[in-house]
Amino acid sequence: MLVDLIAVALITAAVWAALVVRDTIMLLAEPGRRVESSGDRLAEELGNAGDAASGVPLIGGVLRKPLEAAADAGSGFAEAGVSLQETVSQVANVITTALIVIPVFFVLLLWLPPRLLWIRRSSTLRRLAEAPGGADLLALRALTGPPAALAKLPAPSVGWADAWRQGDPEAIADLSAVALKHIGLRP
């Protein structure tokens, strides 16, 4: 379970870091918002000035044309600001996706195969424990496994191997519990 928690923590940390990086990159879009806002205001004001200039007798039409052209240029600035914001957003999304997918892929690559192997082994041992004679086989597994696990238990008077050979139910239960604990299962 500790490895599972570490894997979840690493994935969570990768997602959190990627989102922090995304927020930082999105700060680069602020100049684009300002250019868009300024361009829109400039276009609006020049358009208003062009409308007002058109009311001037004799030269109103002449005055209006350059003001409308300048208003169109202001709209171009606003579009450039929008384009900058979209570009920054796309870059932020690509980098965020990469910063999430790559670490998660490596965590899953390192964590998932051993976890699936453990699940397969533990389910096999659980089925074995529940099958007739399964406790005997698990006891044999404990006898042939690491001796440190047996050293922690009080040995029967005849020894573990003899108690198992004689079919001592208490010794078999203790040994099968050791085999299950060794793989991380409760007896």
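Because the structure is a prediction, the values reported are computed rather than measured.

The rules behind each value
Residues numbered from 1 in each chain as written. Predicted model: local features only at pLDDT ≥ 70, side-chain atom pairs only at ≥ 80, totals over all residues. Heavy atoms only, no water. Helix = DSSP H or I, 4+ residues; strand = E, 2+ residues; numbered from the N terminus. Rg over C-alpha atoms; globule rule 2.2 N^0.38 Å. Buried < 20%, exposed > 50% of the residue type's maximum accessible area, 1.4 Å probe, protein only. Core = buried A, V, L, I, M, F, W, Y, C linked by side-chain atoms within 4.5 Å. Contact = heavy atoms within 4.5 Å. Phe/Tyr/Trp six-rings, centres within 6.5 Å; stacked < 30°, edge-to-face > 60°. Patch = residues over 30% accessible without salt bridge, like charges linked within 9 Å, V, L, I, M, F, W, Y side chains within 5 Å. Areas by Shrake-Rupley, 256 points an atom, 1.4 Å probe, with all protein chains shown as cover. Salt bridge = Lys/Arg side-chain N within 4 Å of Asp/Glu carboxyl O. Polar contact = N/O pair within 3.5 Å; in protein donor to acceptor, adjacent residues only side chain to side chain. pLDDT = per-residue confidence, 0-100.

Q: How do you make sense of the overall build of the chain when you look at a structure like this?
A: When helices and strands are counted, the chain shows seven helices and zero strands. Listing every helix and strand of the chain by position from the N terminus yields α-α-α-α-α-α-α. For the chain, whose C-alpha radius of gyration is 37 Å, the value lies well above the compact-globule estimate of 16 Å for 187 residues. Projected onto the principal axes, the alpha-carbon positions of the chain cover approximately 125 × 25 × 20 Å. For the chain, the proportion of its 187 residues judged to be buried stands at 24%.

Q: I would appreciate a short explanation of the nonpolar core in the present structure.
A: Here is a general trend for soluble globular proteins: nonpolar side chains tend to be buried in one another's company. In terms of nonpolar packing, the biggest core is built from 15 residues, with L125 and L175 touching the most fellow members. Going through the elements one at a time, α4 (134-144), α6 (160-165) and α7 (169-183) are the ones with two or more residues in this core. Top contributing element to this core by residue count: α7, with seven residues. Every residue in contact with L125, bar those within four places of it in the chain, is listed here: L138, R141, L180, I183 and L185. The next biggest cluster of nonpolar side chains, apart from the first, holds five residues, and it includes I25, A29, V88 and A92.

Q: Got a minute to help me understand the packing of aromatic side chains in this structure?
A: Where two aromatic rings form a pair, the distance of their centres and the angle of their planes describe that pair. All told, the structure shown has one aromatic pair when counted by the stated rule. Between F105 and F106, the ring centres sit 5.5 Å apart and the planes meet at 70 degrees, which makes this aromatic pair edge-to-face. Residue F105 is classed as partly exposed on the basis of its relative accessible area, which comes to 48%. Residue F106 is classed as partly exposed on the basis of its relative accessible area, which comes to 45%.

Q: Explain a nonpolar patch on the surface here, please?
A: A contiguous nonpolar patch, built from V56, L58, I59, V62 and L63 and spanning about 500 Å² of accessible area, is present on the exposed surface. Considering the arrangement of structural elements, one finds V62 in helix α3 (residues 60-130). Since its relative accessible area comes to 62%, V62 is described here as exposed.

Q: Honestly, the side chain of S176 in this entry has me stumped. Any pointers?
A: Of note, S176 is situated in helix α7. A polar contact of 3.0 Å, which involves the side chain of S176, links it to the backbone oxygen of A173. Residues in contact with S176, not counting those within four places in the same chain, are A135, L138 and A139.

Q: Which parts of the structure should I look at to understand the confidence of the model for the chain?
A: Detailed reading of predicted coordinates is not advised where the pLDDT is low. Per-residue confidence for the chain gives a mean pLDDT of 87, with 100% of residues at or over 70. The weakest mean pLDDT in the chain belongs to helix α5 (residues 147-151) at 78; the strongest belongs to helix α1 (residues 2-26) at 93.

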